[in-house]
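These are the residues of each chain, in order.
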Amino acid sequence: MIRADILAESVPFFDGRTPLTRKEFESQLREKGKVYHIFHPFNVMLNTGKATPEQIRFWVANRFYYQIAIPIKDAAIMANCPDRNVRRGWVQRILDHDGFEYGLPNGEKLMDEGGIEAWIRLGVATGLTREEIVDLRHVLPAVRYSVDAYINFARRAPWQEAVCSSLTELFAPDIHKQRLATWPEHYPWIESSGLQYFRNRTSQAPRDVIQGLNLTLEYFNTRALQERALEILKFKLDILWAMNDAMGQHYGITA
Ligand code: AHQ
């Protein structure tokens, strides 16, 4: 079936083939990590200390568009998902990024500035102004279209497929740890507090993955559905890769 769009015409049916075991299915999902954007030459440049301050600033400014898309994408999943138990877990992701101010019955307030604010602080720590981050003036067209493809997929696909597309986060803890391990040494001019976003994700991402992976292993339970899940994960890996292609092409890659 040749389609111009990642959206499936219908949910693949049982075709008589034996499904992969959960273990086999999970390992096939994890195997996709070999094309995760941690291996993209632009990211390798960033994390091996070869990026100029300007390349770092433009990476932060472009990635901001991805960061502000995450809660929109997650709200689309929530809106499509009728299962309260799933939503109870998934809502964390929106709070992680948008932050919250939660009034307790005793009058106390729980507050958190959220990951988007932390990303702005990263940008300011690299020398960008808050204004030029939030007004998206540096966002490249191809970065914008890649991210919009992600949001639109999450809005239109079955919510279980959008859950599956978040599983590039299986590989995210490594990339956040890599930044925390290398940026202070390579880019001592970036104030350490600016890296707080990456610190937050080292605990938030694994928590997200537990829910996203279990839902995916549960729902995609025929061979055809499992192949669909692998196709969706590749679609999302391509989104992250394409963003780095655009930034590399525009800002250069120092090998
Ligand atoms: O900061 C990231 C984040 O909050 C998320 C949510 C998740 C999703 O729902 O698609 N993916 C994701 C990712 C974040 N950071 C990226 C990075 O390289 O800093 C990695 C990205 C991902 O692996 O999908």
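Preceding this paragraph is the structure being described.
Residues numbered from 1 in each chain as written. Predicted model: local features only at pLDDT ≥ 70, side-chain atom pairs only at ≥ 80, totals over all residues. Heavy atoms only, no water.

> Looking at this structure, I do not really get the site of the ligand. What am I missing?
Around the ligand, the surrounding shell holds 21 residues, and the nearest of these are Lys-73, Tyr-150, Thr-168, Tyr-197 and Lys-236. Arg-63 places a polar side-chain atom, nitrogen or oxygen, 3.0 Å from an oxygen atom of the ligand. Here an oxygen atom of the ligand sits 2.7 Å away from a polar atom, N or O, in the side chain of Arg-179. When the free accessible area of the ligand is taken as 470 Å², the share hidden by the protein chains comes to 99%. Elements with a contribution of two residues or more to the shell around the ligand: α3 (53–80), α4 (84–98), α9 (172–186), α10 (196–219) and α11 (223–251). With five residues, α3 is the single largest residue contributor to the shell around the ligand. Residues belonging to the shell around the ligand are distributed by class as follows: eight nonpolar, six polar and seven charged. (Near = heavy atom within 4 Å. Polar contact = N/O pair within 3.5 Å; in protein donor to acceptor, adjacent residues only side chain to side chain. Areas by Shrake-Rupley, 256 points an atom, 1.4 Å probe, with all protein chains shown as cover. Helix = DSSP H or I, 4+ residues; strand = E, 2+ residues; numbered from the N terminus. Nonpolar A, V, L, I, M, F, W, Y, C, P; charged D, E, K, R; others polar.)

> Would you explain a nonpolar patch on the surface in this entry?
Taken together, the side chains of Leu-95, Phe-100, Tyr-102 and Leu-110 present a nonpolar region at the surface, about 360 Å² in accessible area. For Leu-95, the position within the fold is in helix α4. (Patch = residues over 30% accessible without salt bridge, like charges linked within 9 Å, V, L, I, M, F, W, Y side chains within 5 Å. Salt bridge = Lys/Arg side-chain N within 4 Å of Asp/Glu carboxyl O.)

> Can you help me understand α11 in this one?
Since the α-helix turns once every 3.6 residues, residues separated by three or four places project in the same direction. Compared with the 42 Å implied by 1.5 Å per residue over 29 residues, the 42 Å span of α11 between its first and last C-alpha is a close match. Where α11 ends, the next residue or the one after it, Gly-252, has phi of about 85°, a positive value. (Expected span 1.5 Å × (residues − 1).)

> Would you mind showing me how to read the pairing of strand β1 (residues 100–103) here?
Within a regular beta strand, the side chains point alternately toward one face of the sheet and then the other, so they alternate between its two faces. Relative to strand β2 (residues 109–112), β1 runs antiparallel, the two being bridged by four bridges. From the neighbouring strand, Tyr-102 faces β2, where its bridge partner is Leu-110. The turn joining β1 and β2, which pair antiparallel and follow one another in sequence, is formed by five residues; a positive phi near 90° is taken by Gly-107. (Pairing = 2+ DSSP bridges.)

> Where do I start with the pattern of salt bridges in this structure?
It is possible for side chains of opposite charge to pair when their charged atoms get near one another. Under the criterion given, the structure shown has 20 salt bridges. Across the salt bridge formed by Asp-96 and Arg-207, the nearest N and O atoms sit 2.4 Å from each other. With Asp-96 in helix α4 and Arg-207 in helix α10, the pair connects residues that are 111 residues apart, well separated along the chain. Across the salt bridge formed by Arg-228 and Glu-231, the nearest N and O atoms sit 2.7 Å from each other. Here Arg-228 and its partner Glu-231 are both found in helix α11, three residues apart, which amounts to about one turn of the helix. Overall, the relative accessible area of 5% leaves Arg-228 in the buried class. Judged by its relative accessible area of 41%, Glu-231 is partly exposed. (Buried < 20%, exposed > 50% of the residue type's maximum accessible area, 1.4 Å probe, protein only.)

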